[in-house]
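Survey of secondary and tertiary structure
Okay, here's what each chain looks like letter by letter:
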Amino acid sequence: MIRILVTNDDGIHSDGLIKLEEALREVGDVYVVAPESEMSGASHSLTLARPLRIRQIDERHWTVDGTPTDCVTLALNKILTDDQRPHICASGINYGGNLGDDATYSGTVAGALEATILGVPGLAFSLVARESFNFTEAARFAVVAVRKALAEGLPEGTFLNINIPPGLIRGVRVTRQGIKNARPVITEHIDPRGRPYFWIGEEIIAWDAAEGTDYWAIEQGFVSVTPMRSDLTNHQAIPALASWNLLSAEQSVEPQALSEEAVSTKE
C-alpha cells in the first residue's frame, strides 16, 4: 500500500490541507503532520531555540507547534514508525501562489524540500488565487501529480513546486522560476500600551512573465511545475568568479584584522 505524508504551512485546519488529504486517500494511506497554527512565510526554518510539542489527534493526524520543516523532520524521524514511512510527501494546498521569488519564503515549498532532503520525494501544491478559494480542481490535479511522481520517480535531489491556476486548467507546463519585482511596504502602529509595532507587506511592481516561467504558465491557464532542489549554487557563475581563487591569504583577511595586526607590530 502506498503511504503519503501530507503537511502544509496554513495549519492543520486549513481547507486546502483537508481537500488534499481527502483526494489522496484514493492513492494510498495518508498521514497528516501539520503545524497547529498558520506558519505562512516560515520558509525552510527549523525551530532550535525552544522545545517542540507534538499532539496526536488520532492514528493518522498529528500537530506540531512549529514550522513545516519541523513537522516533516519529526514525522520522518519520530512520529511515524518504520512501517509507516511514506513513499512521497505532498505539501499544501497553499492559499495563494508560490511563484517566482515567493517560493523562497514559502513554508509549503519548504515542507516538500525537507522531505526530499530526508530521502522522501516531495511535491508542493499551491492554488494561485487571492479570494474565493475552491480547492476541488487543485486537489484533483494533486492526485494526478502524486501518481505520476510515484510511477516515474523524480530526478535525484529534486522536488516539484506546483502552482495551479483557479478555474479551468488548460494543461501542464514544466517551467523555470520567474522573478518578481517588488518592494517592502512597512506600516507602523501603536499598541494599547503605547509601544510601536510593525507590519511587513509588499507592493508588487512587475514580474517576469516570459514564456517558460511559472508566471507565464499561470497567466496562460496552465499548471506550472517547477523542478527545484536544495542546492542554491549558481553553477554558471563559478567561471566568472574564478579570480577569487587568486586572492592571497593576506588579502583574504578582513581589513580590521590587518589594522590590529599592524598596531600590534608597532608596539
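Each chain has its residues counted from 1, following the order in which its sequence is written. In view of the model being predicted, local features appear only for residues whose pLDDT reaches at least 70, and side-chain atom pairs are presented and counted only at 80 or more, with totals across whole chains, interfaces and linings using the full set of residues. Hydrogens and water are ignored here; the side-chain numbers use all heavy atoms of the structure.

Some points on the nonpolar core
For clarity, the cut-off: For our purposes a nonpolar core is just a set of buried Ala, Val, Leu, Ile, Met, Phe, Trp, Tyr and Cys residues, chained together by side-chain atoms within 4.5 Å. Each residue gets one of three labels from its accessible area relative to the maximum for its type: buried under 20%, exposed over 50%, partly exposed in between, using a 1.4 Å probe on protein chains only. Secondary structure is summarised from DSSP: a helix means a run of H or I of at least four residues, a strand means a run of E of at least two, and numbering begins at the N terminus for each. We call two residues in contact when some of their heavy atoms are within 4.5 Å.
Core analysis: the largest hydrophobic core is formed by 32 residues, its most contacted members being Ile4, Val6, Leu24, Phe125 and Ile162. Residue contributions to this core peak at eight residues, all from helix H4 (residues 136-152). Contact partners of isoleucine 4, with chain neighbours within four places excluded, come to Leu24, Val27, Gly28, Asp29, Val30, Tyr31, Pro86, Ile88, Ala90 and Val146. Listed in part, the 15 residues of the second largest apolar core include Val33, Leu74, Leu76 and Ile79.

Re the packing of aromatic side chains
What counts is decided by this rule: Ring pairs shown here join Phe, Tyr and Trp side chains whose ring centres sit within 6.5 Å, with only the six-membered ring taken for Trp; geometry is labelled stacked below 30 degrees between planes, edge-to-face above 60, and tilted in between.
Throughout the structure, instances matching the rule amount to four aromatic pairs. Ring centres 5.0 Å apart and planes at 90° place the aromatic pair tyrosine 95 and phenylalanine 135 in the edge-to-face group. Placement of the pair is tyrosine 95 in strand E5 (residues 88-95) and phenylalanine 135 in the loop between strand E6 (122-127) and H4, with a sequence separation of 40 residues. Its relative accessible area of 35% is what places tyrosine 95 among the partly exposed residues.

As for helix H3 (residues 107-117)
Worth spelling out the cut-off: N or O atoms closer than or at 3.5 Å make up a polar contact, with two conditions inside protein: a donor-capable atom paired with an acceptor-capable one, and, for residues adjacent in sequence, both atoms drawn from side chains.
Along H3, ten of the eleven residues are buried, which leaves the element largely enclosed by surrounding structure. Those residues of H3 that sit buried are Gly107, Thr108, Val109, Ala110, Gly111, Ala112, Leu113, Glu114, Ala115 and Thr116. If you check the start of H3, you find a side-chain oxygen 3.1 Å away from the backbone N of threonine 108, and it comes from serine 106. Positive backbone phi, at 95°, marks glycine 119, one or two positions downstream of H3.

Some details on the sheet that holds strand E11 (residues 222-229)
Convention followed: Strands are treated as partners if at least two bridges between them are detected by DSSP. Between N-to-C directions, angles span 0 to 180 degrees; the directions come from axes that are lines fitted to C-alpha atoms, helices contributing only their stretch in contact.
Read from one edge of the open sheet, nine strands run E3-E4-E2-E1-E5-E6-E7-E11-E8, paired in mixed fashion. Each edge of the open sheet is held by one strand with a lone partner, namely strand E3 (54-58) and strand E8 (171-174). Between one strand and the next, the sheet's axes are offset by a mean angle of 20°, whatever the strand orientation. One ladder, built from five bridges, connects E5 with E6; its direction is parallel. Looking across to E6, one finds that asparagine 94 is bridged to serine 126. The strands touched by helix H1 (residues 15-24) are strand E1 (3-7), strand E2 (29-35), strand E4 (61-64), E5 and E6; relative to E5, the strand with the most contacts, the crossing angle is about 140°. In this fold H4 packs onto E1, E5, E6, strand E7 (158-164), E8 and E11, with an angle of close to 165° to the strand it touches most, E6.

Points about the side chain of serine 106
Its location among the elements puts serine 106 in the loop between E5 and H3. Take serine 106: its relative accessible area is 4%, and that puts it in the buried class. Among the polar contacts made by the side chain of serine 106, one reaches the side chain of asparagine 98 at a distance of 3.1 Å. Serine 106 has contacts with Asp9, Ser43 and Asn98, leaving out every residue within four places of it along the chain.

Observations regarding the pattern of salt bridges
Just so we agree on the cut-off: What makes a salt bridge here is a side-chain nitrogen of Lys or Arg within 4 Å of a carboxyl oxygen of Asp or Glu, nothing more.
Tallying each qualifying case throughout the model produces nine salt bridges. We note a salt bridge from arginine 50 to aspartate 65, for which the minimum N-O separation is 3.4 Å. You can see arginine 50 sitting in the loop between E2 and E3 and its partner aspartate 65 sitting in the loop between E4 and helix H2 (68-79), a full 15 residues away along the chain. Two residues, arginine 140 and glutamate 137, come together in a salt bridge whose shortest N-O distance is 2.7 Å. With arginine 140 and glutamate 137 both in helix H4 and three residues apart, the pair spans about one turn of that helix. Owing to a relative accessible area of 52%, arginine 140 belongs among the exposed residues under this scheme.

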